Amino acid sequence: MFSHIRNGLALAAGLALLSPLAQASKADDTLVAAFQAQLPSLDRYHAPGREGFLLGLLAYDALLYRDPNTLEVKPLLATAWRQINPTVWEFDLRKGVKFHDGVEMTAEDVKFSLEYAADEKNRVFNRMTGGWIKSVDVINPYKVRINAEAVTPLAIEYLIQLPIIPKAYREKVGLEAFGQRPVGTGPYKVAKGKGNEIVFTRNDEYFEGGGKSKPKIKTLIYRNIPDVNTQVAELISGGVDWAYYIPNDQAARIERMPNITVKNAETFRIGFITLDAAGLSDPNSPLKNVKVRQAIAYAIDRQAIASKLVGGSSKPVNAACTPSQFGCTQNVTTYKYDPAKAKALMAEAGYKDGFSIDVYGYRSRPVAEAIIGNLNAIGIHANLRWQQYSAVIQQRRDHKTPIVIDDYGSAGVADAGGILPFFFAESPDDQSRDPIVTEAVQKAGSIADQAQRKVLYAKALNRIAEQAYWVPLFTMPVNYVFAKNLSIPIPGDENVEFWRAEWK
Amino acid sequence: MRTFIARRLGVSLLVLLTISTLSFVLLKASGDLAISLAGEGSGADYVAFLRKTYGWDRPILVQYADWLWRLLRGDLGTSFYYGSPVLEIIAERLPVTLKLGAFAIFMALGVAFPLGSLAALRPDGWMDRVAMFIAMVGQATPIFWFSFVLILILGLNLAVLPISGGGTTAHFVMPSIALAFYAMPAIIRIVRGGMIEALASDYIRTARAKGLRPWAVIVRHALRNTLVPVVAIASVQFGFLLGGSVVVETIFALHGIGYLTWEAISQNDYPVVQASVLVVSAFYVVLTLLADLLNMLIDPRIRHD
C-alpha cells in the first residue's frame, strides 16, 4: 500500500510537470487576485456586492470618479459638470474616448446607460443609484442633461457608481451575452469571462486626464476562491498575488512570511445594534423605555469588542453613520462602557431583575456572543437567534425582531444620506419611528444646500444618540494581503485601484 | 426483470419528488432571495417590487406547484443570481464534478481492493490491522481537514500540485485524493468482509485441493464473488462523492455542481438548488439501477432468480 502512495505521488509530480503551476508572476506581468465571491454576470448593472463595484471600476467608467482615499470627486468620462437648477445636472463629455470594441463613446451611450439604470423593469442591482433619474436629454454628442425626479443631494455620489455602456453593442448582443462578453471604456478589457477565472487585459487605448489611468500591469486575473484558508495557502505559495477580507488571525499568522505584506484599512461598513424602541415587535417591550435602551448602550464594551474581536484598526463609533461620510458628526451623546451605571438605569426603569429578549444576528458569532455576555451581565437574558442575513432583515421588516445585531456599508455612498434614510424616517427598517428624526432625515434628503443638510443630519444623529435608538458599535476595517514584490494602493472605501498596481 | 426495473424507477421518481419538495421548503424558509437580489442599499420598496415580479409573494405551495409544472414540461427555469438558464449552468458545471467523482472512485477502488483483499488473507494479522486502521482513520477524518492537510503537504511543502482552480488535470489530483479517502473505508470493509467469507467457503477449498496456484484461487474464484457487494457499495459511494464534492469543490475552488449548489444555497437561488439536487439524486438513482444490472452480469444466480 505504501508503494501505492509513492506511485500516487510520482504520478502527481508527473502531472504537475506536464502542466506547470500557474506561478504568480512578475515575470509574465500577470496579477492574480483572489475573491471569495464569483461574479454571476460581468454586466456591472447585474453584478452584486463588493466585487460588482470593483468590476465596475475595472472594465467600465462612470461619468465621474471618486478618489478612494480623499473621497474627492474627479472628472472621468465627463470633463466638467454643473447644476442648471435643483433637479437638472449638465455634463460635458470627454471627446475621443473609445469603447473596447473601438466605437466612440457619445451622449447617446450615456442616455442609454443611465435610463437603463433608472428603469425599474430592468431589475438592476442596487437600484437606488439609478432610481432618482427621470430622463436624460442629449444636448449634442458631447453634452447631456440629467433630469432628476426630485431634488437629489446624493446625485453625484450615485453617478460615480453608474457605468456607461455602449448602446449599439448592448442592443445588438442582448442582456445575457453582454454579461459574458461585456464592453466598456474602463482601464481593463475582459478577455475571458467564463469558468474559474476572469481574465482582464490592459486597455492600451485608455484615456489620460480623468481620475483613473492606464494600467501598469498588463494582465489581471480575477480568481474565485471561496475558502479563505485556500486563499491563504495560495498567497503563501505565490499562486495568488492579492486578496482581501482575510480574517485577522490568519492575517497575523501569514504576516510573518517573508513574501507577504498585510495592510489593514477602513471601509464604509459599520456595525450597530438596532433596538425596537417603537415597540413594533411587542407593545409592552421594555425597549420602549429610554432608560433601558441607554442601559444597553452603557452595558456593551464596544472598545474591547472593536480591538479584540473585530481587530485591526477598528474603533468604536458613536453616531449612527460611517465617520468618513459627509454629515456624520461624532459630536453626539456617547455611552462609555459602564455596567454599574447600566444596572442602575435598569433598576430605575423598573427592571431590577432584568428581562428576557430575543437578539437576532447573522454576521460574526464571536461579536454576537460578546454582546450577549454584556447584556447578561446587567440582567438581560438574551436568546441569540442566528439566521441568514436576508431572513433577519425580513423579520425586522415584519416587526418581529426586538434587537438586531446588524451592519451596513452604505452601498459605498460617502454621505450620511447613504445610511440614515434606510434605518430611520419611517423606512421599513425604522424601529424608532421618531418624528424629529424623520423630519430631519427627510428634509436633508430633499434639499441641495450642503451646509443646511449638515445641520439637519447633526440634529437627527443627536436625537438618535440621546434616545439610544441604536447602539452604534464599531468600524469594520478589512485586511489586504498581497505579495511583497507588488505595490498596490490601499483604498479607504474598498475601491481598489488595480490599474495603479505595479511590480517592485 | 422488467417489472423489477419499472418498480425501481417508480420508487425513484417518488424519492426525487420528496427530495425536491423538501429542498424547496427548506430553502424558502431559510432566507429571502428578493433581499439578496436587490442589494443592501435598495430599500424595501424595490424588494417588494422584485418579489411581485418574480411571484415570490404568492403562497409557497403555489410557487412549488408552478416550479413543478414547469419542470414537467422540461423547463428548469432561469437562475435569479446568474440570470441565465439553469440547464446551461448545470451543463457547464457537471463535467467538472463527474470528472472529479470518476477520478475519486477509481482511486478509492484502486487502493481499497488490494488493501481489503490482503487484509482478508490473514484476518487479525498485521496487514489486516493496518488496513482496518486506515479504514478507521478515513472514516473518522473530516473531509475538509484532510483537504487542508493535502494542501499543506502537496501544495505548500512539496509544492508538486496546484492548490486551487480547475484549469488542468493536475488541479483534480488533490481534490480526488480527498474524496477518495472519504469513499475508501466502506469499500475496504466490504472487500475484506466478502473475501473472508469467500475464502472460507467450500469451493475455495476445492480449488485449493485441485492444486491451483494461490493467486488464481484468490483472483479468479474469491474476488469474483466479492464483486457483487462491492459494485453495489461503489455505486452508492459515487453518489456520496457527488454530495461530498460540495465541500471539496468549495475548498479547492473547482467550479462544479458541488460549489454551484453551495453558492446557490447561500444566495437562496432556488431554481439552481432544485436542479442540482435533482441532478445529483437522479445520478444516485441511475447508479443504483446500473449497479443492479451490472451485478446480474457478474453473478449468474441473480440473473436466474
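Residues numbered from 1 in each chain as written. Chains lettered and ligands numbered in written order. Predicted model: local features only at pLDDT ≥ 70, side-chain atom pairs only at ≥ 80, totals over all residues. Heavy atoms only, no water.

Student: What should I look at first to understand the interface of chain A and chain B in this one?
Tutor: The accessible area lost on association of the parts is a frequent measure of interface size. Across the boundary between the two partners, chain A contributes 52 residues, which contact 59 residues of chain B. Of the roughly 4400 Å² buried between chain A and chain B, counting both surfaces, carbon and sulfur atoms make up 58%. Counting across the interface, chain A meets chain B through zero salt bridges. Summed over the shared surface of chain A and chain B, the result is 11 residue pairs in polar contact (both at pLDDT 80 or more). Sorting the residues of the side of chain A that touches chain B by element identifies helix H1 (2-18), helix H6 (167-180), strand S10 (219-224), helix H7 (228-237), helix H13 (389-397) and strand S16 (403-408) of chain A as the ones contributing at least two each. A per-class count over the side of chain A that touches chain B returns 23 nonpolar, 17 polar and 12 charged. (Contact = heavy atoms within 4.5 Å. Buried area = accessible area lost by both parts, 1.4 Å probe. Salt bridge = Lys/Arg side-chain N within 4 Å of Asp/Glu carboxyl O. Polar contact = N/O pair within 3.5 Å; in protein donor to acceptor, adjacent residues only side chain to side chain. Helix = DSSP H or I, 4+ residues; strand = E, 2+ residues; numbered from the N terminus. Nonpolar A, V, L, I, M, F, W, Y, C, P; charged D, E, K, R; others polar.)

Student: Would you mind showing me how to read the pairing of strand S6 (residues 133-140) of chain A here?
Tutor: The side chains of a regular strand alternate, first on one face of the sheet and then on the other. All names here are of chain A. As paired elements, S6 and strand S7 (residues 143-148) share six bridges and run antiparallel to each other. Each bridged residue has a counterpart across the sheet, and for Asp137 the counterpart in S7 is Arg145. Following S6, the chain reverses through two residues before pairing antiparallel with S7. (Pairing = 2+ DSSP bridges.)

Student: Which parts of the structure should I look at to understand the sheet that holds S6(A)?
Tutor: Paired through backbone hydrogen bonds, the strands of a sheet run either parallel or antiparallel to each other. Residues and elements named next belong to chain A. In spatial order, the strands read S4-S5-S7-S6; together these four strands make up an open sheet with antiparallel pairing. Because the sheet does not close on itself, it has two edges, and the strands there are strand S4 (78-85) and S6. For this sheet, the mean angle separating the axes of adjacent strands, direction not counted, is 20°. With five bridges joining them, strand S5 (residues 88-93) and S7 adopt antiparallel strand pairing. Bridging across to S7, Glu90 finds its partner in Arg145. (Axes fitted to C-alpha atoms, helices over the stretch in contact; angles between N-to-C directions.)

Student: Sorry, what's going on with the domain arrangement of chain A here?
Tutor: Residues and elements named next belong to chain A. What the domain assignment lists for chain A is domain 1 (4-238 + 481-503) and domain 2 (270-475). Computed over C-alpha atoms, the centres of domain 1 and domain 2 are 34 Å apart. Between domain 1 and domain 2, the residue contacts involve 11 residues of the former and 15 residues of the latter. Summed over both partners, the interface of domain 1 with domain 2 buries about 1000 Å², with 65% contributed by carbon and sulfur atoms. A per-residue breakdown of the area domain 1 buries against domain 2 is headed by Met128, Pro153 and Leu154, which together make up 44% of the total. At the boundary of domain 1 and domain 2, one finds zero salt bridges. Split into classes, the residues belonging to the side of domain 1 that touches domain 2 amount to seven nonpolar, two polar and two charged. (Domains from an automatic or database assignment.)

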